[in-house]
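Observations on the model geometry
Below, each chain spelled out in residue letters.
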Amino acid sequence: MLHLFTRSSTTILLNTSKKTCLKSAPSSFGYRILQSPRPQIRFFHHNTSKQFPNRKLPPKPEKPVLEPAINPSENLSSTPQPKLLDRLKAQGQLSQDEVPRDLSHFQRLFAPFIFTLAVCGGSYYFASTWTPPPLDARMFPALPQSVTTVAAIIAANAAVWLAWKIPLPISWRFLNRYFLCAPALPYSVGLLGSVFSHQSLTHLGFNMFALYVFGSTLCDQIGRGNFLGLYFSSGVIASFASLTHNVLRGRFHVYALGASGAAFGVLGAFTYLNPETKLTFIFLPFVALQAKYFMSGVAMLEAFGIVRGWQTIDNVAHLAGLSWGVGMAYWLEQRVKRRRELEAAMMRERASKRWW
């Protein structure tokens, strides 16, 4: 006798020389398992049909139809539902493209290049034509112009940072289009808008602190018009340099934002005009370093980051802004020298006419 145990039934096979008995006994498990009906016991003989020709054979039992067991958990969604913030971010996307669009380098860079030239030209025109307003026409006459100028820039950057924190799809679409510099989907206005855009408070704090330290002194030296022209042109030049670098290297998965390019432009101009100024640091008050050495160390660090291929910090934008700031300071210095030489020549000419 052989015993076969299953979860559905216990089957016993009885073997003799004249008959074979097949008997099934249902099990006592309480699971949802479809069991076959109990078959009747029958005896078979080789002369059975001949001895009882009119006997009707019992009908064969029908084969059971097995139905799959229903799992209640299958009706529930296995994937978690997206959070409200994730749904709002998805609504704020500009494109549903899974891969970057098939555009040439010329198509990606031509319009931003024209926009960069336009901003630089506008900055030059503003710096050349700006005249200080009268004292009674100023909003804060008791404060120096350098303080109000730098404070206005800081307020604009803080307002854009706050806009990033408001979960509105409309504002996010606007910020993604005009306040980011993305190589995969470049918008020309984003070159300038990204200069005022920060998404983390730490990033905003560092850039605005550097702008206040170097910008307030530089604005007093060169005037509000020249300072604003330097700030805007440095930011756009840095953004375009970063965009060009990412497009040529095929880095379409990144985007750039922040005022560090413009801040580095302010640092470069400040250092060129004040190379011997000693700088002290908050965490190292006993260390005093001249501005020219500080800027040289920063420039070498940025160049090292470009060679090493650092991914988090936009070294190309920093170095481009720094170089543009130095160049703009040199140009302003030469223009002031030429103006002074012209004024001195005119005074000598007037003096000679009076003597005669």
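Because the structure is a prediction, the values reported are computed rather than measured.

1. Description of the overall build of the protein chain
Each helix and strand in the protein chain was counted, giving eleven helices and five strands. Going through the 356 residues of the protein chain one by one, you find that 30% of them count as buried. The long-range fraction of contacts in the protein chain, counting pairs at least 24 apart against all pairs at least 6 apart in sequence, stands at 66%. Accessible surface for the protein chain amounts to roughly 24500 Å². Of this, 64% is attributable to carbon and sulfur atoms.

2. A short note on the environment of phenylalanine 209
Mapping phenylalanine 209 onto the fold places it in helix α7 (residues 201-222). Through-space distance from the C-alpha of phenylalanine 209 to that of alanine 263 is 9.5 Å; in sequence the pair is 54 residues apart.

3. What to know about the pattern of salt bridges
Enumeration according to the criterion identifies one salt bridge in this entry. With its nearest N and O atoms 3.1 Å apart, the salt bridge here joins glutamate 276 to lysine 292. You can see glutamate 276 sitting in the loop between α9 (260-273) and β4 (278-280) and its partner lysine 292 sitting in helix α10 (residues 291-308), a full 16 residues away along the chain. You can call lysine 292 partly exposed: its relative accessible area is 28%.

4. Comments concerning the UniProt feature "transmembrane region" (unreviewed entry) in the protein chain
Look at the UniProt record and you will see "transmembrane region" (unreviewed entry) annotated at residues 109-127, 147-166, 178-196, 202-220, 227-248, 254-273 and 316-332. Split by type, residues 109-127 is 100% helix and 0% strand. Its first and last C-alpha atoms lie 27 Å apart. For the annotated span residues 178-196, helix accounts for 26% and strand for 0% of the residues, and the straight-line distance between the end C-alpha atoms is 10 Å.

5. Examining the packing of aromatic side chains
Applying the stated criterion across every chain yields a total of 13 aromatic pairs. Centroid distance phenylalanine 196 to phenylalanine 232: 5.9 Å. Interplanar angle 45 degrees. Geometry classified as tilted. Taken together, the residues span a long stretch of sequence, with phenylalanine 196 in the loop between α6 (190-193) and α7 and phenylalanine 232 in helix α8 (residues 224-248) at a distance of 36 residues. The partly exposed category is assigned to phenylalanine 232, whose relative accessible area is 29%. Connected via pairs of aromatic rings, a cluster forms that spans Phe196, Phe227, Tyr231 and Phe232.

6. Regarding the side chain of serine 233
Its location among the elements puts serine 233 in helix α8. By relative accessible area, serine 233 is classed as buried at 2%. Separated by 3.2 Å, the side chain of serine 233 and the backbone oxygen of leucine 230 make a polar contact. Sequence-distant contacts of serine 233, that is, excluding residues within four places in its chain, are made with Cys120, Ser123 and Trp324.

7. Focus on the packing of helix α4 (residues 145-165) against α8
Taken N-terminus to C-terminus, the directions of α4 and α8 make an angle of 30 degrees; their axes are 10 Å apart at the nearest point. Taken together, the axes of α4 and α8 are roughly parallel relative to one another. The two elements α4 and α8 cross, and the hand of that crossing is right-handed. Contacts between α4 and α8 involve Gln145, Thr148, Thr149, Val150, Ile153 and Asn157 from the first element and Arg224, Phe227, Leu228 and Tyr231 from the second.

8. Brief notes about a nonpolar patch on the surface
Taken together, the side chains of Phe209, Tyr212, Val213, Phe281, Ile282, Phe283, Leu284, Phe286, Leu289 and Tyr293 make up a nonpolar region of the molecular surface, amounting to roughly 1100 Å² of accessible area. Take the nonpolar patch: its biggest share by element is three residues, from α7. Residue position: valine 213 is located in helix α7. On the accessibility criterion, valine 213 (34% relative accessible area) is partly exposed.

9. Section: the nonpolar core
The tendency in soluble globular proteins is for nonpolar side chains to be buried side by side. Counting 36 residues, the largest nonpolar core has Ile153, Leu211, Leu218, Phe227, Tyr231 and Val266 as its most contacted members. If you list the elements that add at least two residues to this core, you get α4, α5 (169-178), α7, α8, α9, α10 and α11 (315-355). With seven residues, α7 is the single largest residue contributor to this core. Sequence-distant contacts of isoleucine 153, defined by excluding residues within four places in its chain, comprise Phe196, Leu211, Phe227, Leu228 and Tyr231. One finds Cys181, Leu243, Val247 and Ala256 within the second-largest nonpolar core, a separate group that totals seven residues.

10. Section: α9
Residue pairs three or four apart in sequence face the same way in an α-helix, which turns once every 3.6 residues. Between its terminal C-alpha atoms α9 stretches 20 Å, which fits the 20 Å expected from 14 residues at 1.5 Å a residue. Of all the 14 residues making up α9, twelve are buried; the element is thus mostly covered by neighbouring parts of the structure. Every buried residue belonging to α9 is among Ser260, Gly261, Ala262, Ala263, Phe264, Gly265, Val266, Leu267, Gly268, Ala269, Phe270 and Thr271, and all of these are buried.

11. Quick notes on the side chain of serine 216
Take serine 216: it is sitting in helix α7. Here the side chain of serine 216 touches tyrosine 212 through a polar contact of 2.7 Å, landing on its backbone oxygen. Those residues in contact with serine 216 that lie beyond four places of it in its chain are Ser146, Val150 and Leu211.

12. So, α8
Over its 25 residues, α8 runs 36 Å from end to end, which matches the ideal 36 Å to within 8%, given 1.5 Å per residue. Within α8, 21 of the 25 residues are buried, leaving the element largely enclosed by the surrounding structure. Two residues or fewer past α8, glycine 250 is found with a positive phi of approximately 70 degrees.

Cut-offs used in this document
- Residues numbered from 1 in each chain as written.
- Predicted model: local features only at pLDDT ≥ 70, side-chain atom pairs only at ≥ 80, totals over all residues.
- Heavy atoms only, no water.
- Helix = DSSP H or I, 4+ residues; strand = E, 2+ residues; numbered from the N terminus.
- Buried < 20%, exposed > 50% of the residue type's maximum accessible area, 1.4 Å probe, protein only.
- Contact = heavy atoms within 4.5 Å.
- Areas by Shrake-Rupley, 256 points an atom, 1.4 Å probe, with all protein chains shown as cover.
- Salt bridge = Lys/Arg side-chain N within 4 Å of Asp/Glu carboxyl O.
- UniProt positions renumbered as here; feature names shortened; annotations may be inferred.
- Phe/Tyr/Trp six-rings, centres within 6.5 Å; stacked < 30°, edge-to-face > 60°.
- Polar contact = N/O pair within 3.5 Å; in protein donor to acceptor, adjacent residues only side chain to side chain.
- Axes fitted to C-alpha atoms, helices over the stretch in contact; angles between N-to-C directions.
- Parallel < 35°, antiparallel > 145°, perpendicular 65-115°, else oblique.
- Left-handed = near helix turned anticlockwise from the far one by under 90°.
- Patch = residues over 30% accessible without salt bridge, like charges linked within 9 Å, V, L, I, M, F, W, Y side chains within 5 Å.
- Core = buried A, V, L, I, M, F, W, Y, C linked by side-chain atoms within 4.5 Å.
- Expected span 1.5 Å × (residues − 1).

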